[in-house]
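Breakdown of the fold
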Amino acid sequence: MTTTFDQLGLSQPVLQALDLKGYSEPTPIQAQAIPPVLEGRDLLGIAQTGTGKTAAFMLPSIDRLREADNQTPFKSCRMLVLAPTRELAGQIAESAKDYGALAGLKVHSIVGGTSVNKDRNKLHRGTDILVATPGRLLDLIDQKAFNLSGVEILVLDEADQMLDLGFIHALRKISQLVPQDRQTLFFSATMPTAIKELVGKYCNNPVTVSVTPAATTAERIDQYLFMVQQDEKQTLLEMILSERHPVPGKFERVLIFARTKHGCDRMVKKLSQCGIPSNAIHGNKSQPQRERALGEFKSAKTPILIATDVAARGIDIPGVSHVINYELPNVPEQYVHRIGRTARAGADGIAIAMCAEDERAYLKDIRKTTDAEFERLDLPENFRAVVEGVGPTKRAPPGQRAPRANVKPRQGGGQRKPGGGRGGKPQGQSSGQRSGGQRSGGQGGGGNRRRNRRGGRNNT
Ligand code: AMP
């Protein structure tokens with residue numbers, strides 16, 4: 001029997017807010033976490049992003065804050081949510097505003113890269129819910145502009161990522177500043193030893209809720225693999241994005257992961273030289289630049305976003321149809337986070353990995369840790385010619401290049417087949433799209449794992 005939100009014990013204002021959001025039933029982590037959190041228990045949630053964990057901690061917390069009905073503390077907050085990145089903090093604050101819209105709670109967020117003075121001013125009178133990145137929070141505490149004495153509920157979200165980003169000292173310091181009798185809700189996608197130690201420090205006999213075993217690849221994602229030399233990846237990417245080499249699925253928004261900030265910028269530049277607009281998001285980008293890139297991605301004005309891991313962590317944008325791992329991450333768990341950007345909240349998704357010879361060890365690790373099943377895709381038939389510059393597209397001057405870009409839904413090729421789901425063999429392309437190169441014959445597979453359509457599969 002499926003659980004409903006009504007059965008979880010949430011208040012009317014929260015239920016109404018959920019109605020407005022259009023959520024009809026709780027996700028597994030919500031069903032499991034909400035009752036113990038409402039009872040005031042500490043919680044350890046092992047969950048990836050995309051599982052609905054923000055609501056899992058936010059909904060019952062809002063009700064607990066309402067019930068306790070304490071005054072908003074001066075220069076402090078009642079609920080503190082710590083998040084690793086500015087983007088994630090912003091998203092959590094937005095969700096808190098949505099979920100608590102009828103609860104009359106003040107919500108603020110503070111993140112690095114913005115004016116500290118503005119943060120001081122807005123927090124002067126305190127807030128009910130504060131979502132913060134650890135560094136900025138400590139800045140304000142050091143300046144005596146904020147304190148943690150009012151905290152009733154503390155949430156650590158994506159704790160493993162906070163450690164990866166070097167926030168361990170900040171977290172230790174914060175743990176000493178929050179009141180002992182608070183409630184702690186601790187979330188992490190993975191459970192390395194350092195995280196277990198932190199859990200011991202922060203939580204008191206927590207209820208553990210694990211929705212997908214750590215480092216298990218999201219089930220609804222079909223995963224494909226190109227074996228390609230590192231210095232040929234850019235050409236392959238261009239051919240894929242311009243639909244001169246069809247891949248399964250209809251492009252809506254494409255999120256591409258690169259290892260370095262410089263790599264992201266270089267890719268944007270090269271894509272732009274072939275008439276494919278894209279944006280990059282990484283740690284060297286200013287806050288307004290990040291916001292613009294995310295905004296254009298969300299609205300699909302520029303539906304190609306190139307990101308480093310840090311910047312993409314926690315990005316919650318519906319309609320990411322494809323995640324392309326231009327470079328494989330050296331930590332298998334990171335692969336899970338990356339591909340988790342697609343297939344969020346019940347949607348299906350496609351992940352495409354490009355693996356060079358020297359990344360085989362990473363691929364092996366990913367397979368071992370995540371049980372990922374990849375369907376191997378062939379390189380374009382004319383790939384060598386294009387790479388070596390004898391193919392038409394390599395040599396064409398900018399004005400005469402084949403029309404491409406904008407990741408428009410392709411006509412026929414790679415569309416989801418009615419009733420058959422995605423992953424079907426592309427049916428064809430418009431002549432304009434094809435002008436830059438030939439199509440490869442059996443490309444596109446036919447492998448939708450879950451629907452058991454394994455035809456043409458070539459597992460590597
Ligand atoms: P999260 O894992 O918290 O980042 O949530 C992932 C996405 O799922 C967000 O877009 C949420 O708005 C959405 N979501 C959360 N809970 C539900 C629900 N019960 N039903 C439908 N969508 C949800």
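These numbers come from a predicted model, not from an experiment.

**Looking at the UniProt feature "short sequence motif: Q motif" (unreviewed entry) in the protein chain**
- Summarizing the sequence annotation, UniProt attributes the feature "short sequence motif: Q motif" (unreviewed entry) to residues 3-31 in the numbering used throughout.
- Between the first and last C-alpha atoms of residues 3-31 the distance is 7 Å; the span itself is 48% helix and 0% strand.

**Let's talk about unusual backbone geometry**
- Of note, K144 is a non-glycine position whose phi angle comes to about 60 degrees, a positive value.
- Relative to the elements of secondary structure, K144 occurs in the loop between α6 (134-142) and β5 (153-156).
- Overall, K144 belongs to the exposed group, its relative accessible area being 66%.
- The residue E158 is not glycine, and still its phi comes out positive at about 50 degrees.

**Overview of the side chain of T184**
- As for its position among the elements, T184 is in strand β6 (residues 183-188).
- With relative accessibility at 0%, the residue T184 sits in the buried group.
- When neighbours within four sequence positions are excluded, T184 is seen to be in contact with D42, L43, L154, L156, Y202 and C203.

**Considering the site of the ligand**
- What surrounds the ligand is a group of 15 residues, the closest being Y23, Q30, G50, G52 and T54.
- Contact distances for the ligand include 2.4 Å between an oxygen atom and a side-chain N or O atom of Y23.
- T54 places a polar side-chain atom, nitrogen or oxygen, 2.6 Å from an oxygen atom of the ligand.
- Relative to its free-state accessible area of 500 Å², the ligand is covered by the protein chains to the extent of 81%.
- Of the residues in the shell around the ligand, the class split is 4 nonpolar, 7 polar and 4 charged.

**Considerations on the sheet that holds strand β2 (residues 77-82)**
- An order of β3-β4-β2-β5-β6-β1-β7 is seen for the 7 strands of this open sheet, with the pairing classed as parallel. The outermost strands of the open sheet, each flanked by one partner alone, are β3 (107-110) and β7 (207-210). Going across the sheet, the axis of each strand differs from the next one's by a mean of 15 degrees, ignoring polarity.
- With 4 bridges joining them, β3 and strand β4 (residues 127-132) adopt parallel strand pairing. When the sheet's bridge partners are listed, I110 is paired in β4 with A132.
- Across the sheet, helix α5 (residues 116-123) lies against β3 and β4, angled at about 155 degrees from β3, the strand it touches most.

**Notes on the sheet that holds strand β8 (residues 221-227)**
- Spatially, 7 strands are ordered β10-β11-β9-β12-β13-β8-β14 in an open sheet, and the strand pairing comes out parallel. Two strands bound the open sheet, and with one partner strand each, they are β10 (279-281) and β14 (374-376). Neighbour to neighbour, the strand axes of the sheet diverge by 25 degrees on average, direction disregarded.
- Note: β10 against strand β11 (residues 304-307), 3 bridges, orientation parallel. Bridging from a neighbouring strand, A280 pairs with I306 of β11.
- Strands in contact with helix α10 (residues 233-241) are β8, β9 (254-257), β11, β12 (322-325) and β13 (349-355); relative to β13, the strand with the most contacts, it is inclined by about 155 degrees.
- Against the sheet, helix α11 (residues 261-273) engages β9, β10 and β11, with an angle of about 150 degrees to β11.

**Quick notes on the packing of aromatic side chains**
- Scanning the entire structure with this criterion turns up 4 aromatic pairs.
- Of note, K233 hangs over the ring of Y326, and the distance from its end group to the ring centre comes to 5.9 Å.

**A short note on the confidence of the model for the protein chain**
- The predicted model of the protein chain has a mean per-residue pLDDT of 81, with 80% of residues at 70 or higher.
- The least confident element of the protein chain, judged by mean pLDDT, is helix α18 (residues 431-434) at 32; the most confident is β2 at 98.
- The low-confidence segment residues 392-460 (pLDDT under 50) makes 177 contacts with residues lying over four places distant or belonging to another chain.

**Here we look at the pairing of β13**
- Of all 7 residues in β13, 7 are buried; the element is thus mostly enclosed.
- Every second residue of β13 is oriented toward a common face, with G349, A351, A353 and C355 on one face and I350, I352 and M354 on the other, all of them buried.
- Pairing of β8 with β13 involves 7 bridges; the strand directions are parallel. In the strand pairing of β13, D222 is matched with I350.
- In the sheet, β12 pairs with β13 via 4 bridges, with the strands oriented parallel. Of the residues in β13, the one forming a bridge with I324 is I352.

**A look at the pattern of salt bridges**
- The full count for this structure, using the stated rule, is 19 salt bridges.
- For E359, the salt bridge goes to K233, with nearest N and O atoms at 2.6 Å. Here E359, found in the loop between β13 and α15 (360-370), pairs with K233, found in helix α10; they are 126 residues apart in sequence, far enough to count as distant. The two residues E359 and K233 agree in class, both being buried.
- Salt bridges sharing common partners tie together D119, K122, R136 and D139.

**Some words on the nonpolar core**
- In terms of nonpolar packing, the biggest core is built from 39 residues, with F57, M58, L59, M79 and I129 touching the most fellow members.
- Listed by contribution, the elements that provide at least two residues to this core are α1 (12-21), α2 (28-38), α3 (53-68), β2, α4 (86-99), β4, β5 and β6.
- Element by element, the count of residues in this core is highest for α3, at 7 residues.
- L80, L148, F186 and L198 belong to the second largest nonpolar core, which has 34 residues in total.

**What about the environment of L305?**
- If you trace the backbone, L305 turns up in strand β11.
- With a relative accessible area of 0%, L305 lands in the buried category.
- Note: C-alpha distance between L305 and L294 (11 residues apart in sequence) is 8.0 Å.
- Excluding anything up to four places from it in sequence, L305 contacts V254, L255, I256, N279, A280, I281, A293, L294 and F297.

Definitions and cut-offs
Residues numbered from 1 in each chain as written. Predicted model: local features only at pLDDT ≥ 70, side-chain atom pairs only at ≥ 80, totals over all residues. Heavy atoms only, no water. UniProt positions renumbered as here; feature names shortened; annotations may be inferred. Helix = DSSP H or I, 4+ residues; strand = E, 2+ residues; numbered from the N terminus. Buried < 20%, exposed > 50% of the residue type's maximum accessible area, 1.4 Å probe, protein only. Contact = heavy atoms within 4.5 Å. Near = heavy atom within 4 Å. Polar contact = N/O pair within 3.5 Å; in protein donor to acceptor, adjacent residues only side chain to side chain. Areas by Shrake-Rupley, 256 points an atom, 1.4 Å probe, with all protein chains shown as cover. Nonpolar A, V, L, I, M, F, W, Y, C, P; charged D, E, K, R; others polar. Pairing = 2+ DSSP bridges. Axes fitted to C-alpha atoms, helices over the stretch in contact; angles between N-to-C directions. Phe/Tyr/Trp six-rings, centres within 6.5 Å; stacked < 30°, edge-to-face > 60°. Lys NZ or Arg CZ within 6 Å of the ring centre and 35° of its normal. pLDDT = per-residue confidence, 0-100. Salt bridge = Lys/Arg side-chain N within 4 Å of Asp/Glu carboxyl O. Core = buried A, V, L, I, M, F, W, Y, C linked by side-chain atoms within 4.5 Å.

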